[in-house]
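In case you want the letters, here they are:
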Amino acid sequence: MSFLYPLGLLGLIGIPVLILVYIIKNKYTEQTISSTYLWTLSERFLKRRNPLSRLTGIIGLVLQLLAVACLSLAIAHPIIVLPNKAMDYCFILDGSGSMNMQKDAKTRLQRGKDEIAAIIEESVNGSTYSLIYTGATTNVLCEKTEDKEKTLSLLDGLMPTHVSSDFTDALGVAQGYFHENPATKTYLVTDKTYENVSNIQLVNVAAGEDNYAIFDVEYVYENGVLEVIGKAISYETAAALTVEFYVNGETTPLQTKAVEVEKGGVATFEFTCALEKFLSFTTRMQNADALQEDNECIVFNIENENAYKTLLVSDTPFFIQSAIESVSTAEVTVLPTAKYTGQSGYGLYIFDSYNPAQLPKDGAVWFFNLTESVAETGFSVQTEVVLEQADTLTYTNSSSSTAKKLMENILAEEEIYIAKYMKYGVYRNFTTLLSYKGNPVVFTGENAYGNREVVFAFDLHDTNFPLLMNFGILTDNLLTYSFPEVVEKVSYSGGEKLQINVLSGCENVKIDTPLGNTYYVTTDAEADEFTLDEAGTYAITMTIAGNERRYNVYVAFPEVERAPATFEPQIALQGEATANGRDGKYDDLVFLFIGLTVIFLADWVVYCYDKYQLR
């Protein structure tokens, strides 16, 4: 035995001091009584009933001596050495999606945490603990710490993820611990079963749970009719499943289908309905099972998610409106020039032979034949140039990435003729696409508000351009440039990365996750990536000039994590294990404090017995 604070034993000096006090103290006190005769009679009576009265002082002394000794020992903090009983423990905890499966209201992850906590609680003080968690990433939460409470606290805060993960990185860390100390006890807590295990103690927390899932949901939407086809599976048992079908965010199912599925088998379900407008649909399993996260699938209309409103201010809108509607699904609102009063809330503003008093701040802007300068556009109107005879424009040969993207698929052999154009003075950085004798006639760039801008220095009615194939091709390229798709697809699997294309003039991009977390991505670049590690619907909110635009993507539960039991070939740590532990220690003071409590209570009883004559 050793003592953590040996100076605490100085308290034992109180033992001889206490004995000395008992020796020298006056044991007789004078008391005034009403009758000597009555007192003598009472003493005779008491002596007959209390033969142990002479021992109460000695008992009190012994109890107080024991109390002093116990207090001194408690302060000194005795530690009992346990030879070769302490060990190094390494715990690898699986946090992949399948650990969400529940049975008896407890997830697999919680059962795994309980197993680890029990091992830690039962281990000898002086042992060390390393905790590795494999979720969306591999995290070493604590490393070779002797602090049980810290390890248990970190363990308690872990939650299962919705992604597929492996143990490659975790085993690399554990292998390092094993090389340092071959006696390290490594535990892998998972729901996977391995045929061969070496130098690892496998703790399997799978409990044979029943699970159903919906997957491979596809659709076709044509001529106002939505056709949906999907698959349902039951992994552990044959089941009679019910699949519900919802459209456009409605809370009442539009249709319901019964599906019979064999154990491990797959059944197909289909839904068909007429929809004037298709925004999204949901297929949902009505049956309850061990894993709810794979019981539904939500599909959003990608075209609707990326749709934006276009305001066309023109008195002769035919060419522009026809070109836009032929290459995109943009919702075009046509407004005569006399009715334009500075409307807002559009993704794209097109001014055809019209000079707005102010430049819109909340969207991309196209100008056709602007005849007066507009502030913050980045260019100025100088003069109108009238040609003696119609002449051809020159296509750019710039090697810049922007120019190449905007001129993609353009037919170089098609000649564009103009009879007149507006000459502009450009003082912002623009990319010229078409020019006439060095003067930019069609160019693009950004205005002072950070929004993309497209400029045509001529009236479409004065050229043959609208009659050429290049007009439609260039319109498509310019629409993509002016208003790129914010999300390139709306269906993902857990663990995949979402690419967000940041629109010009974007102030911030907020991402709300299915579990209620909120993140912000950078707006400094044209695009940013975000890892989707939760199953369900993500909402991306983009703010431009104070106006919010929302986009939705659905993340499905990873297919590999849906199976209740997963079999793997082998898992191992390289090397030869030993059983050499280090000296442990036992320093639980609870028994000393229990002893002190008993001694103080006993001393109090003796004191009351002696002092107040409770006899």
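Read on for a plain summary of the structure. It should be emphasised that the depicted structure is a prediction, and the values quoted were computed from it without experimental measurement.

### Remarks on the pairing of strand β26 (residues 439–446)
Counting buried positions along β26 gives six out of eight residues, so the element sits mostly inside the fold. The pairing of strand β25 (residues 430–436) with β26 spans six bridges and is classified as antiparallel. Note on β26: the bridge partner recorded for leucine 434 is valine 442. Where β25 folds back on β26, the antiparallel hairpin that results is connected by two residues, among which lysine 437 adopts a positive phi of roughly 50°. Note that β26 and strand β27 (residues 452–456) share five bridges and pair antiparallel. Its bridge partner lying in β27, threonine 444 is registered against valine 454. Here β26 folds back onto β27 in antiparallel fashion, the turn holding five residues, of which glycine 450 has a positive phi close to 85°.

### A short note on the pattern of salt bridges
A side chain with one charge can pair with a side chain of the opposite charge if their charged atoms come near. Under the criterion given, the structure shown has twelve salt bridges. When the shortest N-O distance is used, the salt bridge between lysine 192 and aspartate 94 registers 3.1 Å. Placement of the pair is lysine 192 in strand β9 (residues 192–198) and aspartate 94 in strand β3 (residues 88–94), with a sequence separation of 98 residues. Of the two residues examined, lysine 192 and aspartate 94, each falls in the buried class. The closest approach of N and O atoms between arginine 108 and glutamate 209, which form a salt bridge, is 2.5 Å.

### Some points on the packing of helix α8 (residues 318–327) against helix α10 (residues 469–482)
Running from N to C, α8 and α10 cross one another at 70°; their axes reach a closest spacing of 9 Å. In terms of orientation, α8 lies roughly perpendicular with respect to α10. Crossing of α8 over α10 shows right-handed handedness. Of the residues in α10, those in contact with Phe319, Ala323, Ile324 and Val327 of α8 are Phe471, Gly472, Thr475, Asp476 and Leu479.

Calculation criteria
Residues numbered from 1 in each chain as written. Predicted model: local features only at pLDDT ≥ 70, side-chain atom pairs only at ≥ 80, totals over all residues. Heavy atoms only, no water. Buried < 20%, exposed > 50% of the residue type's maximum accessible area, 1.4 Å probe, protein only. Helix = DSSP H or I, 4+ residues; strand = E, 2+ residues; numbered from the N terminus. Pairing = 2+ DSSP bridges. Salt bridge = Lys/Arg side-chain N within 4 Å of Asp/Glu carboxyl O. Axes fitted to C-alpha atoms, helices over the stretch in contact; angles between N-to-C directions. Parallel < 35°, antiparallel > 145°, perpendicular 65-115°, else oblique. Left-handed = near helix turned anticlockwise from the far one by under 90°. Contact = heavy atoms within 4.5 Å.

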